[in-house]
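One-letter residues, chain by chain:
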Amino acid sequence: MNTPETSMEAAGGREELPKGAAVRLNVEQASYAYAASAQSAPTFTLGATSFQARERELIAILGPNASGKSTLLQLIAGTIAPLSGRVELEGQETSRLDARTRAQRIAVVHQESSAVYPALAGDFVLQGRHPYGRALRLASKEDIEIARHALAQVGAEHLAGRTIRELSGGEKQRIILARALAQQPRLLLLDEPTLHLDIGAQVELLERLRELAEEAKYAVVVVTHELALVAEFADHVVLLHHGTCLRVGPPSAVYQRELLEQVFEAPLDVELGPAGRPRVNLRARRSEDAT
Amino acid sequence: MRPLTMKRLLWTCGALTAVLLGCVVLALKLGAVPISVTDLVVNLGRMAMGRSNELPSEYRLIVFDLRLPRILLGILVGAALSVSGASFQALLRNPLADPFVLGVSSGAALGSILALILAPQFALLTPLGAFLGAGATIAAVYYLGRREGQLDSATLLLGGIITASFLSAIIMFLMTTLAGRDLRGMVFWLMGDLSTPVPAGLRWIFTVGLLAGIGAIYTTAADLNLLLTGEREAIHLGVDVTRVKLVVYVSASLLTALAVSVSGAIGYVGLLVPHAVRLLFGSDYRLLIPASALGGAIVIVVADMLARTVVAPTELPVGAMTAIAGAPVFIYLLRRGMR
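This structure is a prediction, so every number in the text was calculated from the model and none was measured.

Student: Even after reading the chapter, I still don't get the interface of chain B and chain A, so can you show me in this structure?
Tutor: The figure often quoted for interface size is the accessible area lost as the parts come together. Each partner contributes to the interface: chain B provides 25 residues, whereas chain A provides 29 residues. Contributions of two or more residues to the side of chain B that touches chain A are made by helix H9 (221-229) and helix H10 (231-236) of chain B. By residue class, the composition of the side of chain B that touches chain A is 11 nonpolar, 7 polar and 7 charged.

Below you can see the structure in the form of C-alpha cells.
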C-alpha cells in the first residue's frame, strides 16, 4: 500500500520520493457512482480508491469484468469527475482541465479504434497533434517531425504509408499507441490494450511500454485483466473487485493465491519467479479433484 | 504520410472552381433560346464593366434576368445540400446520413406546404414555413435521438428516418385532400425545382445564411476528422464534442431548411457529392467540405441545365435529374472505390 502520509503531501504537486521520481498522478480517495437518474439508487459504485503513479512507472489497474476498471480509467482521464476525493495530474484535477489542455497532458489508448473512412497510418498518428493546433490544423514541419518520432518509438516507421485497414491487430495497436505518443502526454493511459492481440504482440506491447516509461519518462497506467502480463511487467498493481479497491502494491505483495482466486473466481497457482516477480498459473478443476 | 497542405487545398478548390465556371458558361449558353459563346463572353464583359445598359434587351432578359439568377441559386443550393450531407455523415458516423434521411428536408417541405395552404396570398410565408418546419423537425429528431442525456447516433438516425416517413405521409395526405388547385406546381416543387425565383427581399438573407452555415461548419472541419474515428477518442484528443456536434447540427439543418425553402426537396446531392469527393480527393474534412460545396454547385448547375434542355421547351424538375443521374453514378463510384 502507498503510505497515506506521502499522498497527502503530494497534493501540492511534484514531490521527491526516495526513488527520485516525481509523482505524476495522484488518486486520493476517489469514488464514483452510476445511477439511472439523480433520484434513483446507484446501479454501480466505485469505492474510495487511492494510488499514485510516478514518472517511469508502469501501474496496472487489474480486475475481472465489471470490477470498476473502466470507471477508474474515466476518472483518471478526467472525462468524469469523482463523487468524492481527488484525481490530480501534477497537482491539477484532471476533470477540471478543459478538453484541449487535458489532451495535451493525458493520452488515452483504447482497445480498438475504427476509422470509418480509410486513413493512412501516418496521417492517423498526426491526429495526435490536434490538441496543439488551431482552426484547420494543417500539419507543421514540427508536427510531422513529432509524428515520425512517435512512429519510430513504436517501431512502425515502415507502416506510415499503409492504410489502417490493411494493418494487423498488433500493427494497428502500435499505430494507435504512436498517435498517443504524438500527443506528448505527461500520462499515458491504456484501456485493455492487449484484448485483441495474440500472445506475442501482447508481450511486445508491454515490453515497449516498459521501455517508453524508462526512456521517455512517461507515467503509464494500464487497465487490464491479464494476470500474467501484469505480474511480469507492472511496478504497482491496483486490484479492483466489484467496485472496491482491494489492494495497492507491487505484484509480489498483491499476488496472493486466496485473494486472486476470490477476485477472479478461478483456481490459480501463484509462485515466486526467479526475478522476485510472481507467476500465475491456471489450475484446472479436474486435476485438483484427481490429487 | 501525406498530410493535407495549403497547396493541395488551394489547387483542388481552384480546379473545381474552374470546372464550375465552365459549367456556368455552358448553362448560360444552353436553353430554349441558344446563345453563342462569343456573344456571351462579350456581353459578360460588358456586364462586368458596368455597361449593362449597352446590352441588347433580349440578352438582358434571357441571360441575366432568367438564366443567371437561376444558376446562382443552383450554386448556392447545391453547395448547401452537399455540405449539410457531408456534415450529417460525420456527425452520425454514418455514410447513409443525409438531410433527407434525417427528415429535415421533409419537415421543411411540410412547413412550406402548410404556409401555402393556409395563406396562399402571402408568398413570403412559404420560405418562412420551411424554416419553421425544419426547425421543428430538428428539435423533434434531436429529442428522439437523445438517450441518457447523450446524443446517440444510431437512435438519432432511426428517429430521423421515422420522422421523414411520417412527414412524407402527411404531405401526401395534404396534397391529395386539400390542394386540388396547383397540384402540378407542388409536385414539381416537392421533387426539387429551381424555376421559381427567390423573392428579392429574401435573396440577401438566403445568401448570407448559407455562407454563414457553411463557414460555421468549416471551423469544425479538423474536429470532424476526429469525430469520425469515434466520439470517445475525439474527446481524448481534445475535441469539445458537445459544442462541435451542436454547431454542426444546427448549421447543417439551417443549410437544409434554406435550400428546401427555395428549391424544394432536391434529393441525392447530399449523399452523392460528398461520397464522390471522398473517392476523388480523400476523406479529410478540411478538404472535403469546400470540395463538396463546389462539387454540389457543379452537380446542380449541370443537372438544372439538363432539366431545362433535355425535353425543351418543357422543363423537368431538377430533383428528377439528380435522382436519375445520381443513383447509377453513385453505384459506379462505390464499386470503383471498393476495388
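Student: When you look at the confidence of the model for chain A in this model, what are you seeing that I'm missing?
Tutor: Keep in mind that low pLDDT regions are not for reading the predicted coordinates in detail. Taken over all residues, the pLDDT of chain A has a mean of 85, while the share at 70 or more is 89%. The low-confidence segment residues 1-18 of chain A, where pLDDT is below 50, has 28 contacts with residues more than four positions distant or belonging to other chains.

Student: I tried to follow the sheet that holds strand E5 (residues 92-93) of chain A on my own but got confused; where do I start?
Tutor: Whether parallel or antiparallel, the strands of a sheet pair through hydrogen bonds between backbone atoms. Residue and element names in this part refer to chain A. Across the sheet, which stays open at both edges, the 4 strands sit in the order E2-E1-E4-E5 with antiparallel pairing between neighbours. Whereas interior strands pair on both sides, the edge strands pair on one side only; in this sheet they are strand E2 (44-54) and E5. Two elements, strand E1 (residues 23-34) and strand E4 (residues 84-89), share 5 bridges in a ladder whose sense is antiparallel. The residue bridging Asn26 from the neighbouring strand is Glu88, located in E4. Along the sheet, helix H2 (residues 69-77) contacts E1, E2 and E4; its crossing angle with E1, the most-contacted strand, is approximately 125 degrees.

Student: Help me out: how do you make sense of the packing of helix H5 (residues 125-144) of chain B against helix H11 (residues 241-263) of chain B in this one?
Tutor: Angle between the axes and distance between the axes: these two values describe a pair of packed helices. Residues and elements named next belong to chain B. Two numbers describe how H5 lies on H11: the axes approach to 9 Å, and their chain directions differ by 145 degrees. Both H5 and H11 take part in a crossing whose hand is right-handed. Facing H5, whose interface residues are Pro127, Ala130, Phe131, Ala134, Gly135 and Ile138, H11 presents Ser253, Thr256, Ala257, Val260, Ser261 and Val262. Partitioned by chemical class, the residues of the contact of H5 with H11 number 8 nonpolar, 4 polar and no charged.

Student: I keep staring at the environment of Leu202 of chain B and nothing clicks. Help me out?
Tutor: All names here are of chain B. Counting through the fold element by element, Leu202 comes out in helix H8 (residues 200-218). By the C-beta count within 10 Å, which is 18 here, Leu202 ends up partly exposed. Leu202 sits 162 residues away from Leu40 along the chain, and the two C-alpha atoms are 28 Å apart.

Student: When you look at the environment of His110 of chain A in this model, what are you seeing that I'm missing?
Tutor: By the element assignment, His110 of chain A lies in the loop between strand E6 (106-109) and helix H4 (121-126). Between the C-alpha atom of His110 of chain A and that of Gln173 of chain A, which follows or precedes it by 63 residues, the distance is 9.1 Å. In contact with His110 of chain A, not counting residues within four places along its chain, are Asp191 of chain A together with Arg232 and Glu233 of chain B.

Student: Would you explain the confidence of the model for chain B in this entry?
Tutor: With 91% of its residues at a pLDDT of at least 70, chain B reaches an overall mean of 83. For this predicted complex, the interface score ipTM comes out at 0.83, while the overall pTM is 0.82.

Student: Where do I start with the environment of Gly31 of chain B in this structure?
Tutor: All names here are of chain B. When you line up the elements, Gly31 lands in the loop between helix H1 (6-29) and helix H2 (37-48). Using a count of 18 C-beta atoms within 10 Å as the deciding quantity, one classes Gly31 as partly exposed. Gly31 sits 17 residues away from Gly14 along the chain, and the two C-alpha atoms are 27 Å apart. Residue contacts for Gly31: discarding those within four places in its chain leaves Arg67, Arg308 and Thr309.

Procedures and definitions
- Residues numbered from 1 in each chain as written.
- Chains lettered and ligands numbered in written order.
- Predicted model: local features only at pLDDT ≥ 70, side-chain atom pairs only at ≥ 80, totals over all residues.
- Contact = placed C-beta atoms within 7 Å.
- Helix = DSSP H or I, 4+ residues; strand = E, 2+ residues; numbered from the N terminus.
- Nonpolar A, V, L, I, M, F, W, Y, C, P; charged D, E, K, R; others polar.
- pLDDT = per-residue confidence, 0-100.
- Pairing = 2+ DSSP bridges.
- Axes fitted to C-alpha atoms, helices over the stretch in contact; angles between N-to-C directions.
- Left-handed = near helix turned anticlockwise from the far one by under 90°.
- Buried ≥ 20, exposed ≤ 12 C-beta atoms within 10 Å, placed from the backbone.

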